[in-house]
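# Geometric and topological summary
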Amino acid sequence: GESVGLHLPTLSVQEGDNSIINCAYSNSASDYFIWYKQESGKGPQFIIDIRSNMDKRQGQRVTVLLNKTVKHLSLQIAATQPGDSAVYFCAERGSGGGADGLTFGKGTHLIIQP
Amino acid sequence: ETGVTQTPRHLVMGMTNKKSLKCEQHLGHNAMYWYKQSAKKPLELMFVYNFKEQTENNSVPSRFSPECPNSSHLFLHLHTLQPEDSALYLCASSQGLVTGELFFGEGSRLTVL
């Protein structure tokens with residue numbers, strides 16, 4: 001069946017370093033992927049998305065990489081700041097599905113060390 | 001501010017109580033969603049409404065009853081809940097069902113005693 005998982009439940013990085021959060025998915029038919037950030041006491045917030053016809057997309061300080069061969073997704077955060085401390089979720093959408101077809105992973109808690 | 005407002009932010013209720021969660025979106029979106037977020041588990045889709053019509057009921061127990069009077073408002077009526085229903089209930093909206101980006105509210109933290 002479909003599953004979306006993150007490799008590590010917790011990731012600790014030094015302030016100023018780059019962070020890489022990984023996600024594995026199993027549905028090879030997925031055509032759309034999203035990363036969300038959820039800070040303590042808040043709802044998930046959209047960070048960046050990527051379609052399956054791309055392998056890289058960049059935003060402000062964030063980059064998402066998609067490797068369809070091994071069904072792997074990663075989120076890179078450059079120069080990590082204290083405000084980046086949060087739980088990060090990846091989500092995938094199977095082809096033909098809409099927003100209601102999103103499957104979320106469990107999340108990785110990013111901890112920023114001063 | 002995400003444009004999606006949920007009330008109340010916190011709710012404590014007994015198993016025999018009846019309460020409701022409210023969600024309002026100010027984004028002009030057509031689709032609205034209820035998700036359940038429990039500790040150490042992925043977000044679980046509960047209900048989907050598109051243009052006020054329910055398009056998805058993800059095998060949710062009948063003690064959860066959604067209501068969508070218009071495209072901007074969504075309610076989740078709760079009755080005879082169980083302690084395991086304690087969770088963060090998130091409302092989200094999207095422009096339509098096809099678009100992937102969901103805009104979430106801050107959530108309603110529910111505790112069932």
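Residues numbered from 1 in each chain as written. Chains lettered and ligands numbered in written order. Predicted model: local features only at pLDDT ≥ 70, side-chain atom pairs only at ≥ 80, totals over all residues. Heavy atoms only, no water.

### Concerning the confidence of the model for chain B
Worth spelling out the cut-off: Each residue carries a pLDDT value, the predictor's own confidence for that position, ranging from 0 to 100. Under the scheme used here, helices are H or I runs from DSSP no shorter than 4 residues and strands are E runs no shorter than 2 residues, and both carry numbers assigned from the N terminus.
Residues with a pLDDT of 70 or more make up 97% of chain B, whose mean pLDDT is 92. Mean pLDDT across the secondary structure elements of chain B bottoms out at strand β6 (residues 53–57) of chain B, with 84, and peaks at strand β1 (residues 4–7) of chain B, with 98.

### Concerning the nonpolar core
Selection criterion: Residues grouped as a nonpolar core are buried Ala, Val, Leu, Ile, Met, Phe, Trp, Tyr and Cys residues, joined through side-chain atoms within 4.5 Å. Only protein chains enter the accessibility calculation, which uses a 1.4 Å probe; a residue whose area is less than 20% of its type maximum is buried, one above 50% is exposed, and one in between is partly exposed. Note on contacts: a residue pair qualifies if any of its non-hydrogen atoms lie within 4.5 Å across the two residues.
Counting residues in each nonpolar core, the largest one holds 22 residues, and the members touching the most others are Trp34(B), Phe64(B), Leu76(B) and Leu78(B). Mapped by element, the contributors of at least two residues to this core are β2 (10–13), β3 (18–25), β4 (31–37), β5 (44–50), β7 (64–70), β8 (73–79), β9 (87–94) and β11 (108–112) of chain B. The residues contacting Phe64(B), other than those within four sequence positions of it, are Met46(B), Phe47(B), Leu76(B), His77(B), Leu78(B), Leu81(B), Asp85(B) and Tyr89(B). Counting residues in hydrophobic clusters, the runner-up holds 20 residues, among them Leu66(A), Ala86(A), Tyr88(A) and Leu110(A).

### Quick look at the sheet that holds β3(B)
Residues and elements named next belong to chain B. The following threshold applies: Any two strands are treated as partners once DSSP identifies two or more bridges connecting them. For helices, the fitted axis covers only the stretch in contact; all axes are lines through C-alpha atoms, and the angles between them, taken along N-to-C directions, range from 0 to 180 degrees.
Read from one edge to the other, the open sheet built from four strands follows the order β1-β3-β8-β7, with strand pairing classed as antiparallel. The two strands at the open ends of the sheet, each matched to only one other strand, are β1 and β7. Across this sheet, the average inter-strand angle for adjacent strands is 15°, counted without regard to direction. In this structure, β3 lies alongside β8, joined through seven bridges in antiparallel fashion. Bridged to Lys19 within β8 is Leu78.

### Quick word on the state of the cysteines
As used in these notes, a disulfide is a covalent bond between sulfur atoms, one from each of two cysteines. Definition in use: The criterion for a disulfide is a pair of cysteine sulfur atoms lying within 2.5 Å.
One pass over the structure, following the stated rule, counts two disulfides over all chains. Here Cys23(A) engages in a disulfide with Cys90(A); their sulfurs sit 1.8 Å apart. Residues Cys23(A) and Cys90(A) are joined by a disulfide whose S-S torsion is about 50°; by sign, that bridge is right-handed. Taken together, the residues Cys23(A) in strand β3 (residues 19–25) and Cys90(A) in strand β9 (residues 86–94) connect sequence positions 67 residues apart. Of the two residues examined, Cys23(A) and Cys90(A), each falls in the buried class. Put simply, Cys23(B) and Cys91(B) are joined by a disulfide, and their sulfur atoms are 1.9 Å apart. Disulfide Cys23(B) to Cys91(B): torsion about the S-S bond roughly -75°, handedness left-handed.

### Considerations on the pairing of β11(B)
Residue and element names in this part refer to chain B. Only one face of β11 is covered, namely the one carrying Ser108, Leu110 and Val112; the face carrying Arg109 and Thr111 has none of its residues buried. As judged from the four bridges shared by β2 and β11, these two strands associate in the parallel manner. Paired with Val12 across the bridge in β11 is Thr111.

### Quick notes on the interface of chain A and chain B
Heads up, the rule is: Note: buried area is the sum, over both parts, of the accessible area (probe 1.4 Å) each one loses when the two are combined. In the sections that follow, a salt bridge refers to a side-chain nitrogen of Lys or Arg positioned within 4 Å of a carboxyl oxygen of Asp or Glu. Within 3.5 Å is the distance limit for a polar contact, defined as a pair of N or O atoms, with the added protein rule that one can donate a hydrogen and the other accept it, and that residues adjacent in sequence qualify only through two side-chain atoms. Under the scheme applied here, ten amino acids are nonpolar (Ala, Val, Leu, Ile, Met, Phe, Trp, Tyr, Cys and Pro), four are charged (Asp, Glu, Lys and Arg), and all others, including Gly, are polar.
Contacts between chain A and chain B engage 18 residues on the former and 24 residues on the latter. In this assembly, chain A packs against chain B so that about 1,500 Å² is buried in total across both faces, 56% of it on carbon and sulfur atoms. Where chain A meets chain B, there are zero salt bridges. Between chain A and chain B we count three residue pairs in polar contact (both at pLDDT 80 or more) in total. Of all the secondary structure elements, the ones that give two or more residues to the side of chain A that touches chain B are β4 (30–38), β9 and β10 (102–104) of chain A. The residue makeup of the side of chain A that touches chain B, split by class, is nine nonpolar, five polar and four charged.

### Structural notes on the environment of Gln113(A)
All names here are of chain A. Mapped onto the elements, Gln113 comes out in strand β11 (residues 108–113). Overall, the relative accessible area of 33% leaves Gln113 in the partly exposed class. Taking the C-alpha atoms as reference points, Gln113 and Ser85, separated by 28 residues in sequence, lie 9.5 Å from one another. Apart from residues no more than four positions distant in its own chain, Gln113 is found in contact with Ser12, Val13, Gln14 and Glu15. A polar contact is formed between the side chain of Gln113 and the side chain of Ser12, at a distance of 2.8 Å.

### What to know about unusual backbone geometry
Between Thr7(B) and Pro8(B) the backbone carries a cis peptide bond, its omega angle lying at -10°. Along the chain, Pro8(B) falls in the loop between β1 and β2. For Lys71(A), which is not glycine, the phi torsion reads 55° and is therefore positive. Note that Lys71(A) resides in the loop between β7 (62–67) and β8 (72–77). With a relative accessible area of 25%, Lys71(A) lands in the partly exposed category. With phi around 50°, Thr80(B) is a residue other than glycine that occupies positive phi space. Among the structural elements, Thr80(B) can be located in the loop between β8 and β9. Thr80(B) gets classed as partly exposed once you look at its relative accessible area, which sits at 43%.

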